[in-house]
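# Residue-level structure breakdown
The residues making up each chain are set out below.
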Amino acid sequence: MRPVRAGLLFALIVALGPVARADDPKVLTRIAFGSCVDQDKPVPIFGAIAAAKPDLLLLMGDNMYADLDRKVKVTPEVIREKYAQMAKVPGFAKLKATCPMLGTWDDHDYGKNDAGAEWEHKDAAQKEFHDFFETPADSPRRAQKGVYHAEVYGPPGKRVQVIMLDTRYFRSPLKKGPFDAKLRTAPYLPNTDADATMLGTEQWKWLETQLKKPAELRLLVSSIQVISDEHPFEKWATFPKEREKLYALLKSTGASGVMILSGDRHLADISVDPTAIGYPLYDVTSSGFNQSSKNWRAPEQNSKRVGGMPHGDNFGFITIDWTDNPRVSVQICDEDGDTTCGFKVRLATLKGTGTAATTAPAGPKPPEGVLTPAEAAKKAGETVKVQFVVQSIGGKANLYLNSDKDFRAKDNFAVVVPVKVQKGALAKGDIEKLVGATIRVTGKVETNKQGSATLEVADEKAFEVVKE
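Treat the numbers as computed from the prediction; the structure is a model and nothing was measured.

Let us now look at the sheet that holds strand E9 (residues 258-262). Here seven strands make up an open sheet; going across it, the order is E4-E5-E8-E9-E11-E10-E12 and the pairing mixed. At either margin of the open sheet sits one strand with a lone partner, and together these are strand E4 (149-153) and strand E12 (305-309). Strand-to-strand twist in this sheet, taken as the mean axis angle between neighbours without regard to direction, amounts to 15°. Sheet analysis places strand E8 (residues 217-222) next to E9, joined by five bridges and oriented parallel. Opposite leucine 219, over in E9, you have methionine 259 as the bridge partner. Helix H8 (residues 201-211) rests against E4, strand E5 (160-164) and E8 of the sheet, and its axis sits at about 175° to E5.

This is how it looks when you write it as structure tokens:
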């Protein structure tokens, strides 16, 4: 649970060179992420990030601060100057030379604290953003409104999709309440206007298209927190209808493997909502590279928190084990590269239930009265006839014919063939050849200890292999 400490020589890292591009089939296994860096202060954490040797670095906003000096009016020229200062930070320059990066912006590199669509210099700020990240001159991204962007890395079966949202360019005005002496701030109130938006029409359409693309792990990057909703500052909960829309889209597209990464808060936080989209939705906040409080402070209120680092500079680090039953390890690390908190989750746990959740073949359409696994799973205690393509087979004594390649998946439907009926057409040797075949089975639906649906075959007459 610990990335390599910062003591390794940068020369070794430089010799390795960039290791991942979106058009490169190389498998990603190590991804760093973070936000919030003041270009006028030292950034020792960049050395720890480099020493961890990530395949990819995600910069999630406030990649420099254009508006800290209140005596200076922010203009496109000021934004350009601040980016130029950031580019000269030694640790950043070494990272850029050795590690591929993807970025989005937040308010301070956008140019104005907490700003949205109303910011007068947003188009000029977008140009400076693309110049800083060296977006090709002929890229369609330079012509679009907003800096949202997505890439898919790796071959089928080991694909990582990175979706960088733009929560600034299109965002509707915030609503502010009266000053609260206890909070020592004027909290933002929910904007429930019918036309209030976080992403804007075109970005919402784009996001739906991205979520329908095949990928095993999806890192959805939002510059502000999505799940945490109890602090008084900017967050998706400030636009509750938009957050509901995001959750609904994740469910309707059946997007599996989604994990949210966020920044902004000058602290690290790990939140999880187990009910929002049908599987555990994590929001991992890493902020900031050099903007966090260096002294102890109490954690913000967050009832969905499962881990955090309320003070101290930090970065996030993801390690993916692509071997059998892939697992994702997520760490929050301090400026020494030491892990302060984290979690592990199987990709099989992050599995959607919508129409795009799986690319498994559907097989022939079930006739009237014959149910799909999803329909049959809702009929616990009832006798039904179910049909599906066998994706995997397991078991030693009793055999299990699974509707999902991963028998641990929550929505896997398993047909159980007990030893006593493994004869004739159901002989063990014949059953083990049924992967890829369409079966139709009659029996009583039960729910196992893991919450998945099963149906036990009572006799040979209840089991049929459907011819294509």
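After that view, the rundown keeps rolling.
Here we take up the packing of aromatic side chains. Counted by the stated rule, this structure contains 15 aromatic pairs. Measuring from centroid to centroid gives 6.3 Å for tyrosine 148 and phenylalanine 170, while their planes differ by 45°, and the two rings are tilted. Placement of the pair is tyrosine 148 in the loop between helix H7 (140-143) and E4 and phenylalanine 170 in the loop between E5 and strand E6 (175-176), with a sequence separation of 22 residues. Across the pair, phenylalanine 170 and tyrosine 148 agree in class, each one buried. Where tryptophan 204 meets tryptophan 236, the ring centres are 6.3 Å apart and the plane angle is 85°; that geometry is what we call edge-to-face. Note that tryptophan 204 is positioned in helix H8 and tryptophan 236 in the loop between E8 and helix H9 (240-252), a separation of 32 residues in sequence.

Evaluated as defined, the whole model comprises one cavity of 30 Å³ or more. Taken as a whole, the largest cavity holds about 30 Å³ of empty space. Forming the walls of the largest cavity are Val37, Phe46, Leu59, Asn63, Met86, Phe92 and Phe132. Classifying every residue of the lining of the largest cavity by side-chain character gives six nonpolar, one polar and no charged.

What follows covers the environment of aspartate 166. Relative to the helices and strands, aspartate 166 resides in the loop between E5 and E6. The sequence separation of aspartate 166 and methionine 198 amounts to 32 residues, and the corresponding C-alpha distance is 8.6 Å. For aspartate 166, the contacting residues outside a window of four places in its chain are Thr104, Trp105, Gly146, Val147, Tyr148, Met198, Leu199 and Gln203. A distance of 3.0 Å separates a polar side-chain atom of aspartate 166 from the backbone nitrogen of tyrosine 169.

When strand E14 (residues 327-334) meets strand E15 (residues 339-346), the two strands line up antiparallel, connected through seven bridges. Within the sheet, the bridge partner assigned to serine 329 lies in E15 and is lysine 344. Where E14 folds back onto E15 in an antiparallel hairpin, the turn is made up of four residues, including glycine 337, whose phi is positive at roughly 85°.

Counted at 1.5 Å a residue, the expected span for helix H3 (residues 76-87) with its 12 residues is 16 Å, and the 17 Å between its end C-alpha atoms agrees. Of the positions making up H3, those classed as buried are Pro76, Val78, Ile79, Lys82, Tyr83 and Met86. Buried residues of H3, seen end-on, are gathered within an arc of 160° and therefore sit on one face of the element. The inward-facing, buried residues of H3 abut helix H2 (45-51), helix H4 (90-98), helix H5 (107-110) and helix H6 (122-132).

Rules and cut-offs
Residues numbered from 1 in each chain as written. Predicted model: local features only at pLDDT ≥ 70, side-chain atom pairs only at ≥ 80, totals over all residues. Heavy atoms only, no water. Pairing = 2+ DSSP bridges. Helix = DSSP H or I, 4+ residues; strand = E, 2+ residues; numbered from the N terminus. Axes fitted to C-alpha atoms, helices over the stretch in contact; angles between N-to-C directions. Contact = heavy atoms within 4.5 Å. Phe/Tyr/Trp six-rings, centres within 6.5 Å; stacked < 30°, edge-to-face > 60°. Buried < 20%, exposed > 50% of the residue type's maximum accessible area, 1.4 Å probe, protein only. 1 Å grid on protein atoms, 1.4 Å probe; cavity = no way out; pocket = protein on both sides within 12 Å on 5 of 7 lines; lining within 4 Å. Points joined across faces, edges and corners; volume = space filled by probe spheres on them. Nonpolar A, V, L, I, M, F, W, Y, C, P; charged D, E, K, R; others polar. Polar contact = N/O pair within 3.5 Å; in protein donor to acceptor, adjacent residues only side chain to side chain. Expected span 1.5 Å × (residues − 1). Arc of directions from axis to C-beta.

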